[in-house]
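Examination of the molecular architecture
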Amino acid sequence: MDVEQDETTIPTRRLTGGQIEDPAVFAPIFAEFSAKLYRYAIMHVGSREDAEDIVANTFVRLLEYGSRYPRSVIDAPQAFLYRIARNLIIDGSRRRRPTTSLEQLSEQGIEFPDEGKMSEEVKVEVALVISKMGILGIEDRDILLLRFVEDFPLKHIAILYDI
């Protein structure tokens, strides 16, 4: 199995489980994805503390996976991390139903493009979209958030959801 070593393509490069435990490999992955995973988590749980726990537990599980399966290959580390985070969010949502408003997201540090320049009409529409996202199933909501908020590649969404 030939595993790519180019450090500049962390989001898409292939890794073996054993490589994950190497600090020279883990540190750039953490740096690249911790803020993105936080934004993804807070869009689902609405609580800063819960989102931080999800991010921390995502990386703990990544390290545990690397330790448990050192020879396995992770073809898309970005999709793998989001799958772990998604599973943690699902586990947490079984205990409670998240509610998120535009104001809550702003308070949590989530910025919208040109938020200061949005007309009141656009702000109302954004708030309406966010409120309707709660009606969607978690998988549909995830796909929309990954694609349009996180700018996740379609290929990685397909990998994440086995499509």
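Whatever comes next refers back to the structure up there.
In this report, we go over the structure that sits alongside the text. (Residues numbered from 1 in each chain as written. Predicted model: local features only at pLDDT ≥ 70, side-chain atom pairs only at ≥ 80, totals over all residues. Heavy atoms only, no water.)

Some words on the overall build of the protein chain
If you tally the helices and strands in the protein chain, you get eight helices and two strands. Overall, the protein chain shows an N-to-C arrangement of helices and strands of β-α-α-α-β-α-α-α-α-α. In the protein chain, buried positions account for 39% of the 163 residues. When the accessible surface of the protein chain is summed, it comes to about 9,500 Å², and 54% of that surface belongs to carbon and sulfur atoms. (Helix = DSSP H or I, 4+ residues; strand = E, 2+ residues; numbered from the N terminus. Buried < 20%, exposed > 50% of the residue type's maximum accessible area, 1.4 Å probe, protein only. Areas by Shrake-Rupley, 256 points an atom, 1.4 Å probe, with all protein chains shown as cover.)

Quick word on helix H7 (residues 138-148)
Of all the positions in H7, only Arg141, Asp142, Leu145 and Leu146 are classed as buried. Projected onto a plane normal to the axis of H7, the buried residues spread over an arc of 125 degrees and lie on a single side. (Arc of directions from axis to C-beta.)

So, the pattern of salt bridges
Side chains that carry opposite charge are capable of pairing whenever their charged atoms lie near each other. Scanning the entire structure with this criterion turns up four salt bridges. Here Arg14 ties to Asp75 by a salt bridge, and the two come within 2.8 Å at their closest N and O atoms. Highlighted residues: Arg14 in the segment before strand E1 (15-16) and Asp75 in the loop between strand E2 (73-74) and helix H4 (77-93), separated in sequence by 61 residues. Put simply, Lys36 and Glu32 hold a salt bridge, and the shortest N to O gap is 2.8 Å. Taken as a pair, Lys36 and Glu32 lie in helix H2 (residues 23-45) at a separation of four residues, close to a single helical turn. Classification of Lys36 by relative accessible area gives partly exposed; the value is 27%. (Salt bridge = Lys/Arg side-chain N within 4 Å of Asp/Glu carboxyl O.)

Remarks on the packing of H2 against H7
To characterise two packed helices, one gives the angle between the axes of the helices and the distance between these axes. At a closest axis distance of 11 Å, the pairing of H2 and H7 adopts a crossing angle of 140 degrees. In terms of axis orientation, H2 runs oblique to H7. The way H2 lies across H7 gives a crossing that is right-handed. Contact with H2, carried on its side by Tyr40, Met43 and His44, involves Ile138, Arg141, Asp142, Leu145 and Leu146 of H7 and no other residues of that element. (Axes fitted to C-alpha atoms, helices over the stretch in contact; angles between N-to-C directions. Parallel < 35°, antiparallel > 145°, perpendicular 65-115°, else oblique. Left-handed = near helix turned anticlockwise from the far one by under 90°. Contact = heavy atoms within 4.5 Å.)

Here's the deal with unusual backbone geometry
Although it is not a glycine, Asp162 sits at a positive phi angle of roughly 50 degrees. Position of Asp162 relative to the elements: it lies in the segment after helix H8 (154-160).

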